[in-house]
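Listed below, chain by chain, are the residues.
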Amino acid sequence: MMVRIYLTEAEGHLDTLLKRLHDWGQVQGVTVFHGIAGFGPSGPMRPISPARISEDLPIVVEFFDEPPKAEVILETLSHIIKPGHVVCWPARTIVEDK
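Residues numbered from 1 in each chain as written. Predicted model: local features only at pLDDT ≥ 70, side-chain atom pairs only at ≥ 80, totals over all residues. Heavy atoms only, no water.

Quoted verbatim from the Sequence similarities (unreviewed entry) heading of the UniProt record, the comment on the protein chain is "Belongs to the UPF0166 family." (UniProt positions renumbered as here; feature names shortened; annotations may be inferred.)

Participant: What is the right way to read the pairing of strand 1 (residues 2–8) from this model?
Facilitator: Side-chain direction in a regular strand flips from residue to residue, so the side chains alternate between the two faces of the sheet. Note that strand 1 and strand 3 (residues 58–64) share 7 bridges and pair antiparallel. Within the sheet, the bridge partner assigned to Tyr 6 lies in strand 3 and is Val 60. Strand direction decides the pairing type here: strand 1 and strand 4 (residues 86–89), joined by 4 bridges, are antiparallel. Paired with Val 3 across the two strands is Cys 88, which belongs to strand 4. (Pairing = 2+ DSSP bridges. Helix = DSSP H or I, 4+ residues; strand = E, 2+ residues; numbered from the N terminus.)

Participant: How should the pattern of salt bridges be read in this particular structure?
Facilitator: It is possible for side chains of opposite charge to pair when their charged atoms get near one another. As enumerated under the stated definition, the model contains 4 salt bridges in all. The partner of Lys 82 in a salt bridge is Glu 11, with the nearest N and O atoms 3.3 Å apart. Here Lys 82 is found in the loop between helix 2 (67–77) and strand 4, whereas its partner Glu 11 is found in the loop between strand 1 and helix 1 (14–24), with 71 residues between them in sequence. Its salt-bridge partner being Asp 23, residue Lys 19 comes within 2.8 Å of it at the nearest N-O pair. On the criterion of helical spacing, the pair formed by Lys 19 and Asp 23 is a turn pair, its members being 4 residues apart in helix 1. (Salt bridge = Lys/Arg side-chain N within 4 Å of Asp/Glu carboxyl O.)

Below, the structure written as structure tokens:
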């Protein structure tokens, strides 16, 4: 299962989330994307400019693992992730025989 979690810099949850996924969850893989622009239902879109680089920009954390494990991890993270900020979809890992 692929899981994508949407955060912002100001929320300050990235370190906690990564520690949970790595140390406690021991998920198969994690990638963090740092956005240069974005908007959600509660905020306007602002023009991209060099001055905004230090502002409250979007962060996307993506991880994958077996569905039962991913569900347990998401449940334990529900206190720091806002409702509607998680997207999941089925995925499969392609492994080549050598």
